[in-house]
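Report on the structure
Here is what each chain is made of, one letter per residue.
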Amino acid sequence: MTLRIFSGLVVFFLNSIITDNAFSQSLFMEYSVNLKSKDLDSFQVSLRVDNIKSDSVIFQFAATTPGIYSVLDAGRFTGSFFAYDSLNRPLASRKINTNQYVIYNANRLYRLNYKIAENYDTKTKTNKFGIGCAGSNYDTNNVLINGFWLFGYFHGYKDNAITVSFEIPDEWQIAGTL
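Cut-offs applied
- Residues numbered from 1 in each chain as written.
- Predicted model: local features only at pLDDT ≥ 70, side-chain atom pairs only at ≥ 80, totals over all residues.
- Heavy atoms only, no water.
- Pairing = 2+ DSSP bridges.
- Helix = DSSP H or I, 4+ residues; strand = E, 2+ residues; numbered from the N terminus.
- Patch = residues over 30% accessible without salt bridge, like charges linked within 9 Å, V, L, I, M, F, W, Y side chains within 5 Å.
- Areas by Shrake-Rupley, 256 points an atom, 1.4 Å probe, with all protein chains shown as cover.
- Salt bridge = Lys/Arg side-chain N within 4 Å of Asp/Glu carboxyl O.
- Phe/Tyr/Trp six-rings, centres within 6.5 Å; stacked < 30°, edge-to-face > 60°.
- Buried < 20%, exposed > 50% of the residue type's maximum accessible area, 1.4 Å probe, protein only.
- Contact = heavy atoms within 4.5 Å.
- Core = buried A, V, L, I, M, F, W, Y, C linked by side-chain atoms within 4.5 Å.

1. Comments concerning the pairing of strand E3 (residues 56–60)
- For E3 and strand E7 (residues 100–104), the ladder comprises five bridges, and the chain directions are antiparallel. Opposite Gln-60, over in E7, you have Gln-100 as the bridge partner.
- Pairing of E3 with strand E11 (residues 153–154), which is carried by two bridges, proceeds in the antiparallel orientation. Note on E11: the bridge partner recorded for Gln-60 is Tyr-153.

2. Here's the deal with a nonpolar patch on the surface
- Together, Ile-162, Val-164 and Phe-166 give the surface a local cluster of nonpolar side chains, amounting to about 220 Å² of exposed area.
- Following the sequence through the fold, Val-164 ends up in strand E12 (residues 163–167).

3. Description of unusual backbone geometry
- In this model, Asn-51 sits at a positive phi of 95°, which is unusual for a non-glycine residue.
- Examined against the element boundaries, Asn-51 turns out to sit in the loop between strand E2 (42–50) and E3.

4. Topic: the packing of aromatic side chains
- Taken as a whole, this structure holds 11 aromatic pairs when the rule is applied.
- A ring pair is formed by Phe-59 and Phe-81, whose centres lie 6.0 Å apart and whose planes are at 45°; its orientation type is tilted. Note that Phe-59 is positioned in strand E3 and Phe-81 in strand E4 (residues 78–85), a separation of 22 residues in sequence. There is no split in this pair, since Phe-59 and Phe-81 are both buried.

5. Considerations on the environment of Asn-105
- Inspection of the secondary structure assignment puts Asn-105 in the loop between E7 and strand E8 (109–117).
- A C-alpha to C-alpha distance of 9.9 Å links Asn-105 and Tyr-84, two positions 21 residues apart in sequence.
- In this structure Asn-105 touches Asp-55 and Leu-91, once residues within four positions along its chain are discounted.

6. Things to note about the pairing of E2
- Pairing between strand E1 (residues 28–34) and E2: seven bridges, direction antiparallel. In the sheet register, Asn-34 faces E2, and the bridge partner there is Gln-44.
- With seven bridges connecting them, E2 and E8 associate as antiparallel partners. Each residue of the ladder has a partner; that of Phe-43, found in E8, is Ile-116.

7. Structural notes on the nonpolar core
- Among the nonpolar cores identified, the biggest contains 34 residues, and Phe-59, Ile-103, Leu-109, Leu-112 and Phe-154 are the most heavily contacted of them.
- Breaking this core down by element, the ones donating at least two residues are E1, E2, E3, E4, E7, E8 and helix H2 (147–150).
- Those residues in contact with Ile-103, other than ones at most four positions away along the chain, are Asp-55, Ser-56, Val-57, Phe-59, Phe-81, Ala-83, Ala-92, Ser-93, Leu-109, Leu-112 and Phe-154.

Structure follows, in structure tokens:
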């Protein structure tokens, strides 16, 4: 009896691993953030992507993040959101809730372009002083970026590696906390 339960659990876990690995194939994801823009109220983000096999896919912005003990709903700060194929033709997409966009013909997806409002000092219903150090700031002489505000992920590819590059003004220098 114990052996049968144990072998059944092994088959279940192996099946889960095989199924998950088959669904979450490697996906090329390269983010670029343009900080040379004069639009200081929004980050301009471009995501180059390749190898989505499905007809549609959901792009997810953070609802919560570890260490922040409240709902973030990063998607509420998104402005324009556009999907394109490799010939720069628009693909249909639609915001389906605060933090999610569905992209149709995703197997042709080559690039996403979207804007995300800076929110360091944005006052909300629950925080009249602004989001503060949990937010992201874009000013004429400095930028503070918390990745969970700017970078989303595709359902089924949450653990996928990404590359991020920043286009910065020539006179800027980069500093980090790590």
